[in-house]
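Commentary on secondary and tertiary structure
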Amino acid sequence: MFAALLPKSAPFFAMLQEQNGLLRRMAGLLVEMLEDPSKMDDVHKEIAFLEEEADLLHTRIIRALSQTFITPIDREDILRINQEQEEAMDCLQSLSTRLHIFEFTRVRFPALQMARTISAMLDLTRLMLEGLAHRRDCHKTRAFRTLRGECDMLLAVGLAELMDEQQEVTPALIMQILKWSQAYERMSMLLEQVNTLAETIEEAVLKNV
């Protein structure tokens, strides 16, 4: 009977994993957007819809933290993971909006491959969160660093290609170079945020597993 009177903890791991699922779905849509630019308008709308859903979940997690006395791990870790995932989704939506505005008719391979690799990096964060929830050793540092290295290489190649265009310099070409430079900058920001998210989860794993 006494146990029934103790305060119950909210399902924080389930909520964080749900949030991670939204993030990974958005990353998958980003890949679709770059694989087929003709779908860019519809995909951008779907990403925006998911981001709105994620905002509500982000707020729900914060509210649950403010109302819960007992948490499965330090509340600071829950708050940080929640925030880093939210910021990754903000970066992702910002990138998709920029791509949508620019209306690219041809997608550069390094950008597409970066999106695919970032999506794979987020799949690793799913495994890390699942391991944290079950108190399992779920370190993915080596795999994550490998994928991060691939992204860094792709970014360097993509930027080098922009500076090495073998075409007559025209206003249209200059505009395309500027647009792709901004797109790569947004992809770099997303990459950094995903890396920060992984480090945040890793810290929580080290403390609790």
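Presented here is an overview of the structure given in this document. (Residues numbered from 1 in each chain as written. Predicted model: local features only at pLDDT ≥ 70, side-chain atom pairs only at ≥ 80, totals over all residues. Heavy atoms only, no water.)

1. Some words on the packing of aromatic side chains
For the structure on display, the rule yields three aromatic pairs. Aromatic pair Phe-102 and Phe-104: ring centres 5.6 Å apart, planes at 65 degrees, arrangement edge-to-face. Given a relative accessible area of 12%, Phe-102 falls into the buried group. With a centroid separation of 4.1 Å and 15 degrees between ring planes, the pair formed by Phe-104 and Trp-180 is classed as stacked. With Phe-104 in the loop between helix H4 (75-102) and helix H5 (109-133) and Trp-180 in helix H7 (residues 171-208), this residue pair connects regions lying 76 residues apart in the sequence. Ring pairs connect the aromatic residues Phe-102, Phe-104, Trp-180 and Tyr-184, which therefore count as one cluster. (Phe/Tyr/Trp six-rings, centres within 6.5 Å; stacked < 30°, edge-to-face > 60°. Buried < 20%, exposed > 50% of the residue type's maximum accessible area, 1.4 Å probe, protein only. Helix = DSSP H or I, 4+ residues; strand = E, 2+ residues; numbered from the N terminus.)

2. Considering the pattern of salt bridges
Following the criterion strictly, the structure yields 12 salt bridges and no others. One salt bridge connects Asp-77 with Lys-207, and the closest N-O pair in it is separated by 2.9 Å. Here the residue Asp-77 occupies a position in helix H4, and Lys-207 occupies one in helix H7, the gap between them amounting to 130 residues. Looking at Asp-77, the relative accessible area reads 5%, which means it is buried. Under the relative-accessibility criterion, Lys-207 is labelled partly exposed at 49%. (Salt bridge = Lys/Arg side-chain N within 4 Å of Asp/Glu carboxyl O.)

3. Concerning the packing of H5 against H7
Where H5 meets H7, the axes come as close as 10 Å, and the angle between the chain directions of the two elements is 15 degrees. By the angle class used here, H5 and H7 are roughly parallel. Remark: the crossing between H5 and H7 carries left-handed chirality. For the contact of H5 with H7, the per-class residue count stands at 21 nonpolar, two polar and one charged. (Axes fitted to C-alpha atoms, helices over the stretch in contact; angles between N-to-C directions. Parallel < 35°, antiparallel > 145°, perpendicular 65-115°, else oblique. Left-handed = near helix turned anticlockwise from the far one by under 90°. Nonpolar A, V, L, I, M, F, W, Y, C, P; charged D, E, K, R; others polar.)

4. Overview of the environment of Gln-167
Of note, Gln-167 is situated in the loop between helix H6 (141-163) and H7. Expressed as a C-alpha distance, the spacing of Gln-167 and Met-121, which sit 46 residues apart in the sequence, is 35 Å.

5. Side note on unusual backbone geometry
In the Ramachandran plot, Glu-103 falls in the positive-phi region, its phi being about 55 degrees despite a non-glycine side chain. Relative to the helices and strands, Glu-103 is located in the loop between H4 and H5. The backbone of Arg-135 shows a phi angle near 55 degrees, a positive value even though the residue is not glycine. As for its position among the elements, Arg-135 is in the loop between H5 and H6.

6. With respect to H4
A rise of 1.5 Å per residue sets the reference length of H4, with its 28 residues, at 40 Å; its end C-alpha atoms lie 41 Å apart and thus fit the reference within 8%. A positive backbone phi angle near 55 degrees is found at Glu-103, which sits one or two residues after H4. (Expected span 1.5 Å × (residues − 1).)

7. A few points about the side chain of Asn-195
One can find Asn-195 in helix H7. Using a relative accessible area of 15% as the deciding quantity, one classes Asn-195 as buried. Dropping the residues within four chain positions of it, Asn-195 is found in contact with Phe-144 and Arg-148. (Contact = heavy atoms within 4.5 Å.)

8. What to know about the side chain of Ser-96
Tracing the chain through its elements places Ser-96 in helix H4. The contacts of Ser-96, once residues within four sequence positions are left out, are Met-33, His-44 and Ile-47.

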